[in-house]
Amino acid sequence: MRLSNRARTLPESGIRKFFELAEARDDVISLGVGEPDFSAPWAARTAAIDSLERGKTSYTANRGMAALRERIAAHHERYDQSYQPESEVLVTTGASEAVDLAFRALVDPGDTVAVHEPTYISYGPGIELAGGERLTVPTRAADDFALTRESLAAAGAAEADLLVLCYPNNPTGATMTDEQLAEVAAFCRDEDLRVVADEIYAALTYGTDHASIVTQPGMRERTVVVNGFSKAYAMTGLRLGYALGPTDAIDAMNRIHQYTMLSAPTTPQYAAVEALDRCDDEVAEMVEEYNRRRRLVVSRFNEMGLDTFEPGGAFYAFPECGGDDEAFAEALLEAEGVAVVPGSVFGAGGEGHLRVSYATSMRELKEATDRIAAFVEGR
Ligand code: PMP
């Protein structure tokens, strides 16, 4: 069949390509996938089951169940974010849909969208599908992968129309402080950039509180925040996320959403209400466990000479392997059966690094880091 140019030219995900290699063997320990190894809290699962028993299988409101939007708005007060549940919250099919809608609602063909890299792989294709041009803003290991005013200016982001901000970051685990975000916010105000802030890892920070650009002066009205239930509540398969933003942006996103998705799936919305009402303790336990694993992984990599900065959030470490990261990852998989993702998959600044997910049991992490140490020793 003849395909659209758009579909034909969309590149395949570099992560997926790599995992096909790993799938060919059955002794592989994967530190590759970016999803929790936990199940959703039982209370949330029970609420989903209960909703089905009560026959709740219809559409919800386009914007999502009112009860859920209220909980989401209330939940975000912990980040000093204040949104009206009726007009400034949109429940989506995963954070993925929220990112896609934000691009489609905010980007005109030919608009330039600045993306700091290394970062999550879906932004580039999303921008392209919306007709925008991606402008890469490299971040540096020397800055612990924080975005700086200097790197924005050096990349020519003053000419951009929109900035995609992802902290805590996938793949580096980097977080940004309020002071660092103040610099970025000043740049955005000075150069009139709007922002899509993907804060899906906001609940997964270690020893620091999540800082959001929305709390900087003048930023709330120019920012759409994306978040969701996949990471913090281990609900990846339930496909539920949301966007928060000024009424005009959320209205525009909802107009697209009502034709393309109609409403986010109903069953997980019941689970999500319960997650927000009652699952803070489970989230805290998962964060504590990730934190133990994070300390183990970071210290093991540093011991074996693969320099790793202290990631403040998400569930990724980003050790330096030097040289050709793709060749390193392939050889590691071949020799020791450990799958990691080459850093260059995530764009500029990722070369010479590996993304290592520690959303895996302590036992597997110990075994995997032993194998990696043996591999490094043997090189
Ligand atoms: N944003 C980032 C930064 C992510 O890492 C992911 C998942 N890998 C998503 C968005 C997509 O999340 P969801 O499952 O809610 O669509």
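Quantities reported herein were computed from a predicted structural model and do not represent experimental measurements.

Contacts to the ligand come from 13 residues, most closely from Gly94, Ala95, Ser96, Gly228 and Ser230. The element best represented in the shell around the ligand is helix H5 (residues 94–106), accounting for 3 residues. When the residues that make up the shell around the ligand are grouped by side-chain class, the tally is 4 nonpolar, 8 polar and 1 charged.

Let us look at the environment of glutamate 20. Relative to the elements of secondary structure, glutamate 20 occurs in helix H2 (residues 14–23). Overall, glutamate 20 belongs to the exposed group, with 8 C-beta atoms counted inside 10 Å. Between the alpha carbons of glutamate 20 and isoleucine 372 there is a distance of 20 Å; along the sequence they are 352 residues apart.

Of all hydrophobic cores here, the largest spans 115 residues; its most connected members are Ala102, Leu163, Val226, Ala243 and Ala271. If you tally residues by element for this core, the top one is H5, at 8 residues. The two domains that each donate at least three residues to this core are domain 1 (5–40 + 281–377) and domain 2 (42–278). Excluding residues within four positions of it along the chain, alanine 102 makes contact with Val196, Val224, Val226, Ala243 and Met253.

In a beta sheet, neighbouring strands pair by backbone hydrogen bonds and run either parallel or antiparallel. Read across the open sheet, the 7 strands follow the order S2-S8-S7-S6-S5-S3-S4; overall the sheet is mixed. At either margin of the open sheet sits one strand with a lone partner, and together these are strand S2 (89–92) and strand S4 (133–138). Averaged over all neighbouring strand pairs, the angle between strand axes comes to 20 degrees, with direction disregarded. Summarising the sheet, strand S5 (residues 162–165) and strand S6 (residues 194–198) pair through 4 bridges and their orientation is parallel. Bridge pairing in S6 links valine 164 to valine 196.

What counts as what
- Residues numbered from 1 in each chain as written.
- Predicted model: local features only at pLDDT ≥ 70, side-chain atom pairs only at ≥ 80, totals over all residues.
- Near = placed C-beta within 6 Å.
- Helix = DSSP H or I, 4+ residues; strand = E, 2+ residues; numbered from the N terminus.
- Nonpolar A, V, L, I, M, F, W, Y, C, P; charged D, E, K, R; others polar.
- Buried ≥ 20, exposed ≤ 12 C-beta atoms within 10 Å, placed from the backbone.
- Core = buried A, V, L, I, M, F, W, Y, C linked by C-beta atoms within 7 Å.
- Domains from an automatic or database assignment.
- Contact = placed C-beta atoms within 7 Å.
- Pairing = 2+ DSSP bridges.
- Axes fitted to C-alpha atoms, helices over the stretch in contact; angles between N-to-C directions.

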